[in-house]
Amino acid sequence: MSSVLQGFTKSLAMTFVSEIGDKTFFAAAILAMRYPRRLVLAGCVSALIVMTILSATVGWAAPNLISRKWTHHITTLLFFGFGLWSLWDGFKEGGGGSEELAEVEAELDSDMKANSKSTKDKTEDENKKQKRPFLTQFFSPIFLKAFSINFFGEFGDKSQLATIGLAADENPFGVVLGGVVAQLVCTTAAVIGGKSLASQISERIVALSGGMLFIIFGIQSFLTSVDA
């Protein structure tokens, strides 16, 4: 069985390059400008941690459903596929992340307008909750909004599928640990750095770096023999 350190390292690097400049990264940055940062950070990180654990669990269970040899081959193909996909995105992307940032911001704006009637009431509720015990604040609409946006935003995402494949081929505990650390770093940067940091991210560089990393993982997986 692969070592925890190897799974941690691969997951950390893969998740970091996948999440920087991702829609959930931009969403966290924008939400942090409109709502209390601690609630946004807690909601976003909680969602991403849950998704990472679920994805790693699916990947861990896969070899028990089909042979480990086949899961290894599928994982290798996923790495090469995601690598080529990311490289293609990198070559056709512009220099910065302003377009996707604007797209995410527009989506959040439309959602806020749809719920504008209850905005004042929610604001008053949040002000009251500031005086309540710390833990009860995490059941607020802001926490739930940040959680749902990030959780459902990760479904079917490249990083989720890659986590499933990685957990099928590496130590799942290491994969979860590396993914959680990377998610925490990326989301904290988005929440603290805000829109200024998000708008300065070069999607091209991130996509090309991620593509090369996936290709390297694919080559390493291809050269690694696994018993059926």
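Since we're looking at a predicted model, the values are computed, not measured.

Visitor: What is the right way to read the pattern of salt bridges from this model?
Guide: A side chain with one charge can pair with a side chain of the opposite charge if their charged atoms come near. One pass over the structure, following the stated rule, counts 1 salt bridge. Note that Glu-170 is salt-bridged to Lys-10, the shortest N-O span being 2.9 Å. Note that Glu-170 is positioned in the loop between α8 (158-169) and α9 (172-200) and Lys-10 in helix α1 (residues 4-19), a separation of 160 residues in sequence. On the basis of relative accessible area, Lys-10 is assigned to the buried category, the value being 7%.

Visitor: Is there a simple way to explain the UniProt feature "transmembrane region" (unreviewed entry) in the chain in this structure?
Guide: Mapped onto the present numbering, the UniProt feature "transmembrane region" (unreviewed entry) falls at residues 39-58, 70-88, 134-153, 173-193 and 205-223. Secondary structure within residues 39-58 divides into 100% helix and 0% strand; the distance between the first and last C-alpha atoms comes to 29 Å. What you have in residues 205-223 is 100% helix and 0% strand, and the ends, taken at the C-alpha atoms, are 27 Å apart.

Visitor: Sorry if this is basic, but what is going on with the packing of aromatic side chains here?
Guide: A ring pair, where both rings are aromatic, is described by two values, the distance of the centres and the angle of the planes. One pass over the structure, following the stated rule, counts 8 aromatic pairs. With 6.0 Å between their ring centres and 75 degrees between their planes, Phe-25 and Phe-26 make a pair best called edge-to-face. Exposure class is identical for Phe-25 and Phe-26. Each is buried. On the numbers, 5.8 Å between centres and 10 degrees between planes, the contact of Phe-147 with Phe-151 is stacked.

Criteria and cut-off values
Position numbers for residues start from 1 in each chain and track the written sequence from start to end. It should be noted that, the model being predicted, local features are given only for residues of pLDDT at least 70 and side-chain atom pairs only at 80 or more, the latter also being counted only at that level, while totals for whole chains, interfaces and linings use all residues. Working from all heavy atoms in the structure, the side-chain values ignore hydrogens and water. For this document, the term salt bridge refers to a Lys or Arg side-chain nitrogen within 4 Å of an Asp or Glu carboxyl oxygen. Where helices and strands are cited, they refer to DSSP runs of H or I of at least four residues and of E of at least two residues respectively, numbered from the N terminus. For every residue, the accessible area obtained with a 1.4 Å probe (protein chains only) is divided by the maximum for its type, and the residue is called buried under 20%, exposed over 50%, and partly exposed between those limits. UniProt positions are given in the numbering used here, feature names are shortened, and annotations may be inferred rather than shown by experiment. Stacked, tilted and edge-to-face are the three classes assigned to paired rings of Phe, Tyr and Trp, where Trp is represented by its six-membered ring and a pair needs centres within 6.5 Å; plane angles under 30 degrees give stacked, over 60 edge-to-face, the rest tilted.

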